[in-house]
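Architecture at a glance
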Amino acid sequence: MTIGTTADRRVRARRLMPVLVLLLALPACAGRPTGVLLPVAAGVTAPGTSQVEMLVVTNRKSAGAPGELFSGERGAAVSYTDLAVSIPPDATRAAGTVQWPKALPGNPATDFVALRADPLARKDVPAWTGRALKQSRKRQVLVFVHGFNNRFEDAVFRFAQIVHDSGAEVVPVLFTWPSRGSVLAYGYDRESTNFSRNGLETLLRDLAKDPKVGEITVLAHSMGNWLALESLRQMAIRDGRVAAKIRNVMLAAPDVDMDLARAAFHDMGKDRPRLTLMVSGDDRALAVSRLVWGDSVRLGAIDPNQEPYRSELERENIGILNLTGVQSGDSLNHGKFASSEVVALLGKRLADGQPISDSRVGLGDKLVQTAAGAASTVATGAALAVAAPVAILDPQTRETYGQHLSNVGHGVTDTVGSTVDLAGAPMRAVTGTPE
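Throughout what follows, the structure given in this document is the object of discussion. Please read all numbers here as calculations on a predicted model, not as lab measurements.

Let us look at the overall build of the protein chain. From N to C terminus, the protein chain includes 14 helices and nine strands. Residues counted as buried form 52% of the 435 residues belonging to the protein chain. Considering only intrachain contacts with a sequence separation of at least 6, the fraction spanning at least 24 residues in the protein chain is 79%. Looking at the protein chain as shown, the accessible area adds up to about 19100 Å², and 54% of this sits on carbon and sulfur atoms.

Now the structure itself:
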């Protein structure tokens, strides 16, 4: 990319200013309050609410603020938390959704709220799982690894929703890695998954060694699939195989390069867990990721009915759940694994011990092509480029957009040759503004 002269950079800087002003001036009231994990006062309940108790394991850095618990930065050690979430009555909420508090403290009758958030030592985890497993006939643990662009509280509430709405008889364990919770931090999040491999492998190894645990299922989403696959691959290389108690691994919308996925499947060996791949042809987040990574094929965006993928998946004995035709409330069609229809399916199949398989075939949404066309004009730093238009629609992105730009460079005018083009190209594509 040609940066141009100082005069050119100043002109582009002036063009960028209205865009930045628009993004940063949009109402902040659409965002969520911070500190939502501050437990409500003891005894504050509502009729018909449900409770999900989970073990939360993270290598995030402590936030140092009540109700936030952990930030998006990388911590020096792995932390454990005994956490309980209250979910509003089913009659007042739609399955597959999370009701965020509009103000603090949240109202258990209408909002997801924390009931308990107590630190645990690693040595006390077996006692926690022992108590939790007493209520599970199958002694089954479900480990959830979230994806890109998730704050700590996002992962907690979403996992609580999945567990509750699935109706699966499992003990929930959340592994949440350092994500900054912004679509602008794609590169940071990607490196954080590599940073987290040992932490997740240690958790899975500890659970597998616990004699009270009968079976482990791993559910990973988006970028979290890279972390899950790498951790399982490491375990297989160290021990000669993946722990036998890890029976099923569900790969939901995996943001993983196809060639790297093949290598991970191979390195896990013949005694690997049962793999179920959840794909979606209209996942625009994966379409953008493909451009960021040099047009490489993403595992979650393949058409499992087309060759060479059909034969390869059959040969590798990988189950398929095609979600292309499922309606989702997520504007990027990247959260379908948590929608009500899919959660109900996952819960039944998981509880029955059946593999997840679906032969439905759908066509990709034309918006995939639109997103790809908008981003393909950007030569470098595509993650920031494609994030700019998302910031118009996503309150969470607006909160971090200015901060991220400041991280790219200490002065806009000094780095405007790259920053302006990255932010401006997709904005013009969305608004129709000429070059």
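Still more to cover.
This paragraph deals with the packing of aromatic side chains. According to the stated counting rule, one finds four aromatic pairs in the structure shown. Their ring planes at 50 degrees and their centres at 5.1 Å tell us that F70 and F152 sit as a pair that is tilted. Of this pair, F70 sits in strand 2 (residues 70-87) while F152 sits in helix 3 (residues 152-166); the two residues are 82 residues apart in sequence, bridging distant segments of the chain. Relative accessible area serves as the criterion here: at 1%, F152 is assigned to the buried category.

For the rest of this paragraph, the subject is the environment of A252. Here A252 is to be found in strand 7 (residues 246-252). Judged by relative accessible area, which is 1%, A252 ranks as buried. Each C-alpha atom of the pair A252 and S222 lies 6.4 Å from the other, and the pair is 30 residues apart in sequence.

So, on to unusual backbone geometry. Trans is the prevailing form of peptide bonds, just as negative phi is the prevailing case for residues other than glycine. Geometrically, the link from L104 to P105 is a cis peptide bond, its omega value of -5 degrees lying close to zero. Omega for the peptide link from E307 to P308 comes to 10 degrees, which places this bond in the cis form. Along the polypeptide, P308 turns up in the loop between helix 8 (284-292) and helix 9 (309-315). Positive phi outside glycine occurs at N149, with the angle close to 65 degrees.

A pair of packed helices is characterised by two quantities: the angle between their axes and the separation of those axes. Running from N to C, helix 6 (residues 224-239) and helix 7 (residues 258-268) point in directions that differ by 30 degrees, and their axes come no closer than 8 Å. Considering the angle they form, helix 6 stands roughly parallel to helix 7. In this structure, helix 6 meets helix 7 at a crossing whose hand is left-handed. From helix 6, W226, L229, L232, R233 and A236 reach across to helix 7, where they touch L260, A264, F265, D267 and M268.

In this section: the packing of helix 5 (residues 197-209) against helix 6. For the pair helix 5 and helix 6, interaxial distance at closest approach is 9 Å and the crossing angle is 65 degrees. Relative to helix 6, the crossing made by helix 5 is right-handed. Residue-level inspection shows R197, N198, L200, E201, L204 and R205 of helix 5 in contact with helix 6, the latter providing L227, A228, E230, S231, L232, Q234, M235, R238 and D239. Taken together, the residues of the contact of helix 5 with helix 6 sort by class into six nonpolar, three polar and six charged.

What follows concerns the sheet that holds strand 1 (residues 50-62). Pairing is mixed across the open sheet formed by nine strands, whose spatial order is 3-2-1-5-4-6-7-8-9. For this open sheet the edge positions go to strand 3 (113-120) and strand 9 (319-322), each flanked by a neighbour on one side alone. Strand-to-strand twist across the sheet, computed as the mean angle between neighbouring axes with direction ignored, equals 20 degrees. With five bridges connecting them, strand 7 and strand 8 (residues 274-279) associate as parallel partners. Of the residues in strand 8, the one forming a bridge with V249 is L275. Helix-sheet contacts for helix 5 involve strand 1, strand 2, strand 4 (140-145), strand 5 (171-176), strand 6 (215-221) and strand 7, and the interaxial angle to strand 4 is about 175 degrees.

On to the pattern of salt bridges. Applying the stated rule across the entire model yields 18 salt bridges. One salt bridge connects R262 with E312, and the closest N-O pair in it is separated by 2.5 Å. With R262 in helix 7 and E312 in helix 9, this pair connects stretches of sequence that are 50 residues apart. Judged by its relative accessible area of 27%, R262 is partly exposed. Residue E316 is joined to R272 by a salt bridge in which the shortest nitrogen-to-oxygen separation is 2.8 Å. In this pair, E316 sits in the loop between helix 9 and strand 9 while R272 sits in the loop between helix 7 and strand 8, placing the two residues 44 residues apart along the sequence.

About the cut-offs
- Here, residues in each chain are numbered from 1, in the same order as that chain's written sequence.
- In keeping with the predicted nature of the model, local features appear solely for residues at pLDDT of at least 70, side-chain atom pairs appear and are counted solely at 80 or more, and the whole-chain, interface and lining totals rest on all residues.
- In computing side-chain properties, one takes all heavy atoms of the structure into account and sets aside hydrogens as well as water.
- The numbering of helices and of strands both runs from the N terminus, where a helix is a DSSP run of H or I of at least 4 residues and a strand a run of E of at least 2.
- To sort residues, take the accessible area from a 1.4 Å probe on protein chains only and compare it with the maximum for the residue type: under 20% means buried, over 50% means exposed, and anything in between is partly exposed.
- For this analysis, residues touch if any pair of their heavy atoms sits within 4.5 Å.
- Methods summary: accessible areas were calculated by the Shrake-Rupley approach with a probe of 1.4 Å, and residue burial reflects only the protein chains presented.
- Classification of ring pairs rests on two measures: the distance between centres of Phe, Tyr or Trp rings, Trp counted by its six-membered ring, which must be within 6.5 Å, and the angle between planes, read as stacked under 30 degrees, edge-to-face over 60 and tilted in between.
- Axes here refer to lines fitted to C-alpha atoms; in helices the fit is confined to the stretch in contact. Angles between the N-to-C directions go from 0 to 180 degrees.
- Each angle gets one of four labels, with under 35 degrees taken as roughly parallel, over 145 as roughly antiparallel, 65 to 115 as roughly perpendicular, and the rest as oblique.
- Crossing handedness: left-handed means the near helix sits turned counterclockwise from the far one by under a right angle, and right-handed means the same turn made clockwise.
- Under the convention adopted here, Pro, Cys and the residues Ala, Val, Leu, Ile, Met, Phe, Trp and Tyr are nonpolar, Asp, Glu, Lys and Arg are charged, and Gly plus all remaining residues are polar.
- The pairing criterion is simple: DSSP has to find at least two bridges between the two strands.
- The term salt bridge refers to a side-chain nitrogen of Lys or Arg lying within 4 Å of a carboxyl oxygen of Asp or Glu.

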